[in-house]
Amino acid sequence: MNNKPQKNNNLLYLSIGAISLVVCVVIGVAAWTAVNHPVFASILGGTPAPAPAQQDKLWAQVEIAKPLPALDTEIVFNAPDLAATFTPQPADAPASVTEPTVLVTDAPTFTPTIEPSPVATETPAQLSMEIIPNTPTSVYVPPTAGPKPVYASTGNGERWIDVDLTNQRTYAYEGDTLVNSFVVSTGTWATPTVTGQYNIYVKYRSARMSGPGYSLPNVPYIMYFYGSYGLHGTYWHNNFGTPMSHGCVNLTTDDAAWLYNWASVGTLVNVHY
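Remember, predicted model here, so these are calculated numbers, not experimental data.

Student: Is there a simple way to explain the environment of tryptophan 258 in this structure?
Tutor: Note on placement: tryptophan 258 falls in helix H3 (residues 253-262). For the pair tryptophan 258 and tyrosine 221, spaced 37 residues apart in sequence, the C-alpha to C-alpha distance is 9.1 Å. What tryptophan 258 contacts, discounting residues up to four positions off in sequence, is Ala172, Val179, Asn180 and Phe182.

Student: Looking at this model, I keep getting lost on the environment of asparagine 238. Mind explaining?
Tutor: For asparagine 238, the position within the fold is in the loop between strand E9 (229-233) and strand E10 (249-251). C-alpha of asparagine 238 to C-alpha of asparagine 250: the two residues are 12 residues apart in sequence and 9.9 Å apart in space.

Student: Honestly, the confidence of the model for the chain in this entry has me stumped. Any pointers?
Tutor: Detailed reading of the predicted coordinates is not advisable wherever pLDDT falls low. The predicted model of the chain has a mean per-residue pLDDT of 73, with 53% of residues at 70 or higher. In this model residues 82-86 is a low-confidence stretch, pLDDT under 50, and it forms 10 contacts with partners more than four residues away in sequence or in other chains. Considering only residues more than four positions removed or in separate chains, one finds that residues 90-95, a stretch of pLDDT under 50, has zero contacts.

Student: I would appreciate a short explanation of the pattern of salt bridges in the present structure.
Tutor: A pair can form between side chains of opposite charge whenever their charged atoms are brought close. The full count for this structure, using the stated rule, is one salt bridge. Between glutamate 174 and arginine 159 there is a salt bridge, and its shortest N-O distance comes to 3.2 Å. Of this pair, glutamate 174 sits in strand E4 (residues 169-174) while arginine 159 sits in strand E3 (residues 159-164), and the two are 15 residues apart along the sequence.

Quick notes on the rules
- Residues numbered from 1 in each chain as written.
- Predicted model: local features only at pLDDT ≥ 70, side-chain atom pairs only at ≥ 80, totals over all residues.
- Heavy atoms only, no water.
- Helix = DSSP H or I, 4+ residues; strand = E, 2+ residues; numbered from the N terminus.
- Contact = heavy atoms within 4.5 Å.
- pLDDT = per-residue confidence, 0-100.
- Salt bridge = Lys/Arg side-chain N within 4 Å of Asp/Glu carboxyl O.

Here you go:
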C-alpha cells in the first residue's frame with residue numbers, strides 16, 4: 001500500500017494551517033494597533049484624533065553670537081575720564097552692588113621753562129654793542145678815574161692804537177712814543193673782543209647803535225676797525241676798567257673825542273691780552 005500521497009496531503013494541510021495562523025496574528029496585531037493609536041482610531045471610527053497635550057515649554061534658550069563688524073567699521077571705545085577706586089568686599093559677605101568711589105584729581109600744571117636766548121655774536125658789517133640792563137641813559141655820566149699821567153704830546157713815528165684786554169687799557173702811540181692812555185671796557189667772556197692787528201676803516205661823529213634788546217641813539221665818536229667792532233664813546237655806564245661790552249671798546253665820551261680827533265682812517269689798532 002502506497003502512503004506517499006497521504007503524507008503530501010498532510011504537509012499541505014499543515015502549511016495552510018501555519019500560514020493561516022500567521023495571517024491571524026498579523027491581523028490581530030494590526031487591529032490592536034488601530035484601536036490604540038489615535039490616528040488609526042480616527043480613521044476607523046470617524047472621530048478626529050485628539051490634539052496632543054500642550055507642553056509647558058516648547059523652546060530652548062540658545063546663545064546667538066553677535067555678528068562682528070565689518071573690517072571697515074570704526075569701533076570707538078569711550079575711555080573713562082575719571083579713575084575709579086573700588087572697595088573690595090570680604091569673601092563671606094553677601095554679594096551686593098556698591099557705588100564706586102571716584103577720586104577726582106586736578107590736572108597737572110606745567111610750568112614752561114624759558115630758555116634764555118643765546119647771546120648774539122657780532123659779525124662783520126653789523127653795528128652792535130653791549131649795554132647794561134636798566135642802565136642806559138642819555139645823560140652823560142662823568143668818569144670817576146683820577147688824573148691821567150702826562151705823556152709826550154707828540155712822537156717820532158706813525159700813529160697807532162694799542163688795546164690791552166688784560167688790563168682794560170688803551171694806549172695811543174706815535175712810533176714808539178706813548179702820547180696818551182685810557183681806561184676802557186671791552187667785551188665780556190661771553191662776547192670777547194677780537195684780537196689781532198686791524199686798521200680803522202670808517203669813522204662816525206655820531207650814529208645809532210642797535211642790536212637784540214637795545215637801541216642807542218647818538219653814540220659818539222665811533223671808529224670801526226673790524227666788522228662791527230670799534231672804539232666809541234659811552235654814556236650809558238661808568239664801569240670803565242671792567243669788561244662790559246659785546247666786543248666793542250668803550251671809552252668815556254671825552255677820551256673817545258680825543259682819540260677820534262687824533263686817529264684817522266687807516267690807523268693801526270693792535271688788540272691783545
